[in-house]
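Now for the letters of each chain:
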Amino acid sequence: MEQKIRKQLAKPFIFLIISLGILVCLQTSYRLTFQDFDFRFLLFVFVTVVFGSRIVVQIPGVKGQVSISDTFLMLSILIFGGEWSVILAGIDALFSSIRITKSPLLIAFNSSVFVISTYLTVWTLKLLFGSLTDLAHHGFTSEFVIALCLMGLVQYLTNSGLIATGVALRSNKPVWKMWRENFLWTSITYFAGASAAGFITQLIDKFGIFAFLATVPIIAVVYFTYTTYLKNVEAASAQAEIAEKHIVELSHHIAEQDRISRALKESEEYFRNAFDNAAGMALVSPGGQWLEVNESLCKMLGYEKQELTKKHFQSITHPNDLGTDLANIYKLSEDIIPSYQLEKRYLHKKGHVVWVLQNVSLIRDEKAKLKQYVFQIQDITDRKRAEDQIHYAAFHDALTGLPNRTLLSDRLSMSVERSKRNINYQFAVLFIDLDRFKVVNDSLGHNMGDKLLVELSRRLQDCVRKVDTVARLGGDEFAILLDDITDAKAASETAERLQEKLREPFTLDGHKFHTTASIGIAYSRTGYEKPEDILRDADTAMYKAKANGKARHELFNISMHTHAIEALELENELRVAVERGEIFPCFQPIVLLKTGEITGFEALARWNNPRRGIISPADFIPLAEETGLIIPLGLSMLRQSCQQVYKWQQKFIKEQPLTVSVNLSGKQFRQADLVEQIEIILHETNFNPNNLRLEITESVVMENAASTSDMLKQLKSIGVQLSIDDFGTGYSSLSYLHSFPFDILKVDRSFVTHMAIDKESRSIVKTIVTLAAELDKVVVAEGVEFEEHRTLLTDLSCEYGQGFLFSKPLDAVNAERLLVSELDFLGGKGNRVPTTSVDFEQVGSFYTM
Ligand code: C2E
Ligand code: CA
Ligand code: CA
């Protein structure tokens, strides 16, 4: 704040001084008497302006100068007595200033300062001593000397004071400081000037004005001597400045040195600490004895110093690491290597293992003879432990702690390699899959599922030897590597033992569970190259075990492999088949049991494979479901069936138009746009929806009752009939049955087949028929193979039937023949359609035409 004010004051001050200067000039001009203005004065002006103001003294440290013209000025005061001196001062200062600055303001200021100072000097002297010119005529009187001193003093004080103030204000520095530092010393110039002026006055007084001219060279010489002196002073001060700078730098340097040395000291301490605490250090004799050991090594290994120095490092090294250690020591001593680093284990005094990173180098004596080894030993037990944990996590299942697939594969690779080298070495892999795990997980929650898996893994481990590896592959899939077994029988026996053990009920949180497992076994004698292959085969065998009725084990054989490969090929072929339309419907008539009249057909998919012939749906429908191919396949079946039956409806006019029943798979049933797709096809084929029956198996219906109900309603809304397929096998609750908008119940084939021999089946069929009648639903019995079936069913008032008794599923041509023959027959006599009268043979599950 103060600084700001100071700077603001600079300009007013300068203007004030200039104004004063002008005032002084005006006042002086008014008083000028021209009697003093003569040749001498002009000479003065000339000398002063030409020489005096040119010979300037630089003020060290500031941009200021003092000219020698002061001497001439004071001389003029003494000679001319005042007013003219003020004018001279103005002229002189003007010329001097022009030379040192271009600023008009500063020129005016400088001139004003000199005018003022001279004016003040003149008037001080005049007031004190009266006429100045008289003063000089009496020689060096005490009055004259005082006057000289006063002249110098006033001149000096005013000049230096005003200029110091101006400079200080402009450069924003304290006035006093500025004056003291930069102007104090200039007093010499003034007093010397005053003395010289006094001396010259006396000379002029005695010898005339030309004596003054003679003094000029003397003054010049004095002046030059003086400036040289000043230059030296300046140089000295510059040097001092440099020195000062150096001193500052030096002190910084010293401080830095100090800091460094402190840091060094600290690090030394740190090092000492480190030596004692962090790393173990030791000097070891060529024979391996600990010669000198530090605190930290003793702590690390659990020994006192004197105990440890009695021992050899070999004796406390873990036996498994000793070999590598000694081999390195040997190489070191033979100069094969300059040093070595080794991760090894020491045995702690208490017996446990200490993992260390050991760095060994050696010291030789003057004769290059081995003197000592230097051991640097770092405890890395924690790191090793962490590494172990990471390693463990990478190779183990988090839930059960069992080895995971990666670790199993690793061990399998080793076994595979071993079996290649040693023909007597045999191993087997058991692939285990729980049969009902999904039920437990879904019904009791994942938490319980997890508990079951943990308990299961424990049981599996209990059944095998330590050398075997029990691994969890994921979900409820486990695999066991049976290492080094005598024969395949041993593997089967283990599987049996496992199944026995798993059959025991599990009790978890008070709940009792019964579970079984299906196990596939792959035996090493099959000759494996890769671990994945053996796992894959065990998996295939497991599937076979499941297919064969679950809760059993199956030993892998090559035919399974071919089967598995076939399945893979089949999938690829099926994809092409769907695209090329190789899938077509066969039609099995649904008849009125009493008369045998064909009321409609069930469309059953067949695959005409160019290489394999006709393939049964049992062999490709599940595959199509799995791969999603069922969607396009199902729609294609629907289209073809509607097209075909529409033709027959036109050709064979009946009281009730022929119906067509088309099977819908679970996956299709869950398609959001199913209804839309069906509508499109009905529209395309011009088929009346009332004559279309969509068959949905009971199990699909029951899978998700809520969403099923919604879909059924949508389907109903477009006018199609709905048929519940394989009824009696899906444990439907009757209340659901009631709420679902089904029109037809298809009694599962198994009940019909067993009706003749099994009373229970008969009563089930009876119940279904009664129930259906009550719920106003149509019943169709499947699998009517014999006349006996038909009689029993009609006795139970079951109206419709479907089965080999009437016809096997027929391709369109043969089905049409059947319709034609029926028409002929009905047109003739008799009441029954002949059983398969067409050239159609069944070979296993494959059909040939
Ligand atoms: P499903 O719907 O229960 O079809 C009836 C099955 O019983 C047919 O087998 C048929 O040939 C057979 N069958 C008919 N009468 C008798 C008989 O008297 N005795 C015996 N033992 N069997 C008889 P198919 O044609 O092999 O079809 C098997 C299953 O494949 C069908 O069972 C059905 O679930 C499925 N399927 C067939 N075509 C399609 C289709 O286009 N879409 C869908 N999603 N599934 C289909
Ligand atoms: Ca069906
Ligand atoms: Ca069925």
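Residues numbered from 1 in each chain as written. Chains lettered and ligands numbered in written order. Predicted model: local features only at pLDDT ≥ 70, side-chain atom pairs only at ≥ 80, totals over all residues. Heavy atoms only, no water.

A. Structural view of the packing of helix α15 (residues 405-421) against helix α19 (residues 531-547). For the pair α15 and α19, the least separation of the axes is 8 Å and the interaxial angle reads 110 degrees. Between α15 and α19, the crossing angle belongs to the class labelled roughly perpendicular. Residues Arg 405, Leu 408, Ser 409, Leu 412, Ser 413 and Val 416 of α15 lie in contact with α19, whose contacting residues are Pro 531, Ile 534 and Leu 535. (Axes fitted to C-alpha atoms, helices over the stretch in contact; angles between N-to-C directions. Helix = DSSP H or I, 4+ residues; strand = E, 2+ residues; numbered from the N terminus. Parallel < 35°, antiparallel > 145°, perpendicular 65-115°, else oblique. Contact = heavy atoms within 4.5 Å.)

B. Region of interest: the sheet that holds strand β5 (residues 340-347). Taken in spatial order, the five strands make up an open sheet running β4-β3-β7-β6-β5, and their pairing is antiparallel. Strands at the two margins of the open sheet, each flanked by one partner only, are β4 (290-293) and β5. On average, adjacent strands in this sheet sit at an angle of 30 degrees to one another, irrespective of strand direction. When strand β3 (residues 280-284) meets β4, the two strands line up antiparallel, connected through three bridges. Looking at β4, one finds that Leu 283 is bridged to Glu 292. Along the sheet, helix α13 (residues 319-333) makes contact with β5, β6 (353-364) and β7 (370-379), crossing β5 at roughly 145 degrees. Sheet strands touched by helix α14 (residues 381-395): β5, β6 and β7. Its angle to β6, the strand with the most contacts, is close to 130 degrees. (Pairing = 2+ DSSP bridges.)

C. Quick peek at the coordination of the calcium ion (ligand 2). Only Glu 602 (OE), Asn 663 (OD1), Glu 695 (OE) and Asp 725 (OD) from the protein coordinate the calcium ion (ligand 2), and they sit 2.1 to 2.4 Å from it. Motif for the calcium ion (ligand 2), donor spacing along one chain: E-x60-N-x31-E-x29-D. The metal-metal distance between the calcium ion (ligand 2) and the calcium ion (ligand 3) comes to 4.0 Å, with Asp 725 coordinating both. Placement of the pair is Glu 695 in strand β19 (residues 692-697) and Asp 725 in strand β20 (residues 721-727), with a sequence separation of 30 residues. Comparing Glu 695 with Asp 725 shows no difference in burial state: the two are buried. (Donors = N, O, S within 2.8 Å, 3.2 Å for Na, K, Ca; no water. Buried < 20%, exposed > 50% of the residue type's maximum accessible area, 1.4 Å probe, protein only.)

D. How the structure looks around the coordination of the calcium ion (ligand 3). The coordination sphere of the calcium ion (ligand 3), as far as protein atoms go, consists of Asp 725 (OD), Asp 726 (OD), Glu 782 (OE) and Glu 782 (OE), spread over 2.1 to 2.5 Å. Mapped onto the sequence, the donors of the calcium ion (ligand 3) take the spacing D-D-x55-E.

E. Region of the structure containing the site of ligand 1. Neighbouring ligand 1 are 21 residues; Gln 588, Ala 605, Arg 749, Glu 785 and Phe 804 lie closest to it. A distance of 3.2 Å separates an oxygen atom of ligand 1 from a polar atom in the side chain of Glu 602. Within the contact set of ligand 1, an oxygen atom lies 3.1 Å away from a side-chain nitrogen or oxygen of Asp 725. Compared with its free state, where it exposes 790 Å², ligand 1 has 84% of that area covered by protein. Put simply, the parts of the chain that give the shell around ligand 1 at least two residues each are β16 (597-609), α21 (617-627) and β20. Among the elements that line the shell around ligand 1, the one with the most residues is β16, at four residues. Tallied by class, the residues present in the shell around ligand 1 amount to nine nonpolar, five polar and seven charged. (Near = heavy atom within 4 Å. Polar contact = N/O pair within 3.5 Å; in protein donor to acceptor, adjacent residues only side chain to side chain. Areas by Shrake-Rupley, 256 points an atom, 1.4 Å probe, with all protein chains shown as cover. Nonpolar A, V, L, I, M, F, W, Y, C, P; charged D, E, K, R; others polar.)

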